[in-house]
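So the chains spell out like this:
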Amino acid sequence: DAVRVVNALLTEIDKIKQHPNVLILTTSNITGSIDLAFVDRADIKQYVGPPTQAAIYQIYLSAIQELMDKGVISSSSIMNYTSLKMANMTTTTRAQSSSSLTQSSTLWRLAELSSGFSGRTLRKIPFHALALFSKLEKGMDMDLFLVNLGMAVDNQTKEREELNNSLNTA
């Protein structure tokens, strides 16, 4: 019974308050379902929303770097977010055609399409791009990987829409 569980949890939280060096940290993706009595016991409440486009870009970049380090993706010079931002501010026609800027811009667009995904989902998407849409060759070309990453993002978006539709009709 959910009410008994919540009451037991609240009782235990109240008991813990007598200990000065105890910190309780909680997170939830369903904030609208949290019991108000539980929320009222919190001294500090901090909302942390989904990752920004820049954070998504860096999450993808770190996964790509890991795959390059393992030799799964051929080496590339995709820029970090700060370098991409600077390059876009000082772009010339010749610089725009560089492979590094093109690949970085593609990753930036994919980060935009991934808006609203959780950090956990974002971290998995590059690996789904390999598992679902490639032949898992060593040294895969970065341009091909980015195409596969786009398909993985599209796939995740469709899965979320299907899940939302099934929840709305249930």
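These numbers come from a predicted model, not from an experiment. (Residues numbered from 1 in each chain as written. Predicted model: local features only at pLDDT ≥ 70, side-chain atom pairs only at ≥ 80, totals over all residues. Heavy atoms only, no water.)

A.B. asks: Any chance you could explain the pattern of salt bridges here in plain terms?
C.D. replies: Between side chains of opposite charge, a pair can form when the charged atoms approach closely. Scanning the entire structure with this criterion turns up three salt bridges. Of the charged contacts, one joins Lys 15 and Glu 12 as a salt bridge, the two residues approaching to 3.4 Å between their closest N and O atoms. A residue pair is termed a helical-turn pair when its members lie 3 or 4 positions apart in one helix, as Lys 15 and Glu 12 do in helix H1 (residues 2-16) at three residues. Here Lys 15 falls in the partly exposed class, since its relative accessible area comes to 46%. (Salt bridge = Lys/Arg side-chain N within 4 Å of Asp/Glu carboxyl O. Helix = DSSP H or I, 4+ residues; strand = E, 2+ residues; numbered from the N terminus. Buried < 20%, exposed > 50% of the residue type's maximum accessible area, 1.4 Å probe, protein only.)

A.B. asks: Looking at this model, I keep getting lost on a nonpolar patch on the surface. Mind explaining?
C.D. replies: A cluster of nonpolar side chains, namely Ile 16, Val 22 and Ile 24, defines an oily patch on the protein surface of about 220 Å² accessible area. Of note, Ile 24 is situated in the loop between H1 and helix H2 (36-40). (Patch = residues over 30% accessible without salt bridge, like charges linked within 9 Å, V, L, I, M, F, W, Y side chains within 5 Å. Areas by Shrake-Rupley, 256 points an atom, 1.4 Å probe, with all protein chains shown as cover.)

A.B. asks: Can you walk me through the confidence of the model for the chain in this structure?
C.D. replies: Detailed reading of the predicted coordinates is not advisable wherever pLDDT falls low. Confidence in the prediction of the chain, expressed as mean pLDDT, is 86, and 92% of residues score 70 or more. Predicted confidence in the chain is weakest over helix H5 (residues 93-96), with a mean pLDDT of 46, and strongest over helix H3 (residues 53-69), with 95. (pLDDT = per-residue confidence, 0-100.)

A.B. asks: What am I meant to see in the packing of H3 against helix H7 (residues 119-133) here?
C.D. replies: The interhelical angle for the contact between H3 and H7, taken along N-to-C directions, is 45 degrees, at an axis separation of 8 Å. Between H3 and H7, the angle falls in the class oblique. H3 and H7 meet at a crossing whose hand is right-handed. Contact with H3, carried on its side by Ile 56, Ile 59, Tyr 60, Ser 62, Ala 63, Glu 66 and Leu 67, involves Leu 122, Arg 123, Ile 125, Pro 126, Phe 127 and Leu 130 of H7 and no other residues of that element. Of the residues contributing to the contact of H3 with H7, the split by class is 10 nonpolar, one polar and two charged. (Axes fitted to C-alpha atoms, helices over the stretch in contact; angles between N-to-C directions. Parallel < 35°, antiparallel > 145°, perpendicular 65-115°, else oblique. Left-handed = near helix turned anticlockwise from the far one by under 90°. Contact = heavy atoms within 4.5 Å. Nonpolar A, V, L, I, M, F, W, Y, C, P; charged D, E, K, R; others polar.)

A.B. asks: Got a minute to help me understand H3 in this structure?
C.D. replies: For an α-helix, the turn length of 3.6 residues means that residues three or four places apart are oriented alike. Between its first and last C-alpha atoms H3 spans 24 Å; for 17 residues at 1.5 Å apiece the expected length is 24 Å, and the two agree. The positive-phi residue at the C-terminal boundary of H3 is Gly 71, with phi of around 80 degrees. (Expected span 1.5 Å × (residues − 1).)

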